[in-house]
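Working through the structure, step by step
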Amino acid sequence: MMRVLAWWVVLMACWLATLATLAPVELAVGAVGAVIATGTAVAAHRALRRRWSFDPRWLRWLALVPLAALTESALLLTLVRRERRERGPGLRRLEQPEIGSGARADGHRAVGGAVLSAAPGSYLVDWSGDAQRPVLLHTVVRGWPRLDEEVLS
């Protein structure tokens, strides 16, 4: 029960952080959406039968998400205005970080994957944890604070 409540609080906080106004309908939509996402997250966790370990240092990634969202949104607007792009969108193959294995590594990939997909400039395609396979990140724009370098270092 605590896990469900914790997931709901975190997801609802994420929803509230995106709102411009706290209208009752927005709060209701967020609450229902958080319940659905919480059920999905708990079911997936049970299906995978894995435990995650959390490293408090990962919170700095979450602190960078609003900055990345703002800067990448601005970069996307400039990209739309430019006729020619120096570095267009594409799939990047990045080296697997050395994070080991077990609960800490599973947690690192889970939180890192959410962070890498949170800002509008990139989306995580694959991060298997297999040292032989690259991390696949689709990138439209890159800019400060470079979440990919922070998470994958």
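None of these values were measured; they are calculated from a predicted model. (Residues numbered from 1 in each chain as written. Predicted model: local features only at pLDDT ≥ 70, side-chain atom pairs only at ≥ 80, totals over all residues. Heavy atoms only, no water.)

**Let's talk about the pattern of salt bridges**
The line we're drawing: The rule for a salt bridge is simple: a side-chain nitrogen of Lys or Arg has to be within 4 Å of a carboxyl oxygen of Asp or Glu. A run of H or I in DSSP counts as a helix once it spans at least four residues, and a run of E counts as a strand once it spans at least two, with each numbered from the N terminus. Categorising residues by exposure relies on relative accessible area from a 1.4 Å probe, with only protein chains included: less than 20% of the type maximum marks a residue as buried, more than 50% marks it as exposed, and the intermediate range marks it as partly exposed.
Considering all chains together, one arrives at seven salt bridges under this definition. Where arginine 92 meets aspartate 148, a salt bridge forms, and the shortest distance between an N and an O atom there is 2.8 Å. Note that arginine 92 is positioned in strand β1 (residues 90-94) and aspartate 148 in helix α5 (residues 147-151), a separation of 56 residues in sequence. What makes arginine 92 buried here is its relative accessible area of 19%. Residue class for aspartate 148 comes out buried when judged on its relative accessible area of 10%.

**A short note on the confidence of the model for the protein**
Note the cut-off: Values of pLDDT, the confidence the predictor places in each residue, fall between 0 and 100.
Here the protein shows a mean pLDDT of 82. Residues at 70 or above account for 92%. Of all helices and strands in the protein, the one with the weakest mean pLDDT is helix α3 (residues 59-81) (80), whereas strand β3 (residues 135-139) scores best (89).

**Description of the nonpolar core**
Applied cut-off: Grouping buried Ala, Val, Leu, Ile, Met, Phe, Trp, Tyr and Cys residues that are joined through side-chain atoms within 4.5 Å yields what is termed a nonpolar core. In what follows, a contact means two residues having at least one pair of non-hydrogen atoms within 4.5 Å.
Counting residues in each nonpolar core, the largest one holds 17 residues, and the members touching the most others are Val115, Leu116, Trp127 and Leu147. Taken together, the elements giving at least two residues each to this core come down to α3, α4 (103-118), β3 and α5. Looking at this core, the element that brings in the most residues is α3, giving four residues. In this view, tryptophan 127 contacts Gln96, Pro97, Ile99, His108, Arg109, Gly112, Gly113, Leu116, Val135, Val151 and Leu152; residues no more than four positions away in its chain are not counted.

**Examining the packing of aromatic side chains**
Selection criterion: Aromatic pairs are defined between Phe, Tyr and Trp rings, using the six-membered ring for Trp, whenever the two ring centres lie within 6.5 Å; interplanar angles under 30 degrees are classed as stacked, those over 60 as edge-to-face, and all others as tilted.
Under the criterion given, the structure shown has one aromatic pair. Ring geometry for tryptophan 58 and tryptophan 61: centres 5.8 Å apart, planes at 15°, overall stacked. Both residues of the pair, tryptophan 58 and tryptophan 61, belong to the buried class.

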